[in-house]
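The residues making up each chain are set out below.
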Amino acid sequence: RTWPAMDLDGAAPVLLELHGRLLRLVSGRAGQHFQGLAAAAGWLARRGCRGKALKSMRQLDVVAAWVRHATAPKGDELIATINQMLDLAGFAAASGLRVRNLLQEVLV
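What counts, and where the lines are drawn
- Residues numbered from 1 in each chain as written.
- Predicted model: local features only at pLDDT ≥ 70, side-chain atom pairs only at ≥ 80, totals over all residues.
- Heavy atoms only, no water.
- Helix = DSSP H or I, 4+ residues; strand = E, 2+ residues; numbered from the N terminus.
- Buried < 20%, exposed > 50% of the residue type's maximum accessible area, 1.4 Å probe, protein only.
- Areas by Shrake-Rupley, 256 points an atom, 1.4 Å probe, with all protein chains shown as cover.
- Expected span 1.5 Å × (residues − 1).
- Polar contact = N/O pair within 3.5 Å; in protein donor to acceptor, adjacent residues only side chain to side chain.
- Phe/Tyr/Trp six-rings, centres within 6.5 Å; stacked < 30°, edge-to-face > 60°.
- Lys NZ or Arg CZ within 6 Å of the ring centre and 35° of its normal.
- Axes fitted to C-alpha atoms, helices over the stretch in contact; angles between N-to-C directions.
- Parallel < 35°, antiparallel > 145°, perpendicular 65-115°, else oblique.
- Left-handed = near helix turned anticlockwise from the far one by under 90°.
- Contact = heavy atoms within 4.5 Å.
- Nonpolar A, V, L, I, M, F, W, Y, C, P; charged D, E, K, R; others polar.

Caption draft 1: Seen up close, the overall build of the protein. Along the protein, the regular secondary structure elements total five helices and zero strands. From first element to last, N terminus to C terminus, the protein shows the α and β order α-α-α-α-α. A burial count over the protein gives 22% of its 108 residues as buried. Taken as a whole, the protein presents about 8,300 Å² of accessible surface, with 61% of it coming from carbon and sulfur.

Caption draft 2: Local environment of helix α4 (residues 72-88). Its 17 residues place the ends of α4 24 Å apart at the C-alpha level, agreeing with the 24 Å of an ideal helix rising 1.5 Å per residue. N-cap assignment for α4: the residue whose side-chain oxygen lies 3.1 Å from the backbone N of K74 is T71.

Caption draft 3: Seen up close, the packing of aromatic side chains. With the rule as written, the count across this model stands at one aromatic pair. Positioned above the aromatic ring of W66, the side-chain terminus of K74 is 4.2 Å from the ring centre.

Caption draft 4: Representation of the packing of helix α2 (residues 37-46) against helix α3 (residues 52-68). Following both chains from N to C, one finds α2 and α3 inclined at 160°, their axes separated by 7 Å at the closest point. What the angle tells us is that α2 and α3 run roughly antiparallel. As α2 runs across α3, the sense of the crossing is left-handed. On α3, the residues touching L37, A38, A40, A41, G42, L44 and A45 of α2 are L54, M57, R58, L60 and D61. Here the residues of the contact of α2 with α3 sort into nine nonpolar, one polar and two charged.

Such coordinate-based values are descriptive only and should not be taken to indicate function.
Here it is as C-alpha cells:
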C-alpha cells in the first residue's frame, strides 16, 4: 500500500503549532523547560490543576510525536504488527470476528 503525501493544509501543521505554543506557554509561565506536554501536564497536576485540558495536553504530546516521526515504513510496520496480533488472537481476516465465534454462528 502506498501512503498519501502529507497535506500541508491539513491537521498535522495545526497540531504541531498548538503543541509548540502550549509548551512555550507553560514553560514560560512556570519558568522552566519541560521535555514535552505530558511533563508539563504532570507539573500542573502536581500543583492542583485538574480538568480535561491536562488530558488533552498529554494526548497532544503523543500525537505530535507520531506526526514528527511519521514515515511510510513506520506505518507499514504498525499495520503488519497489528495484523499479526489479530491473526494470533484468532480473528478472521474478512469479518473481524474470532474464528471460533464465526464457526459457532455457522453451526447454529
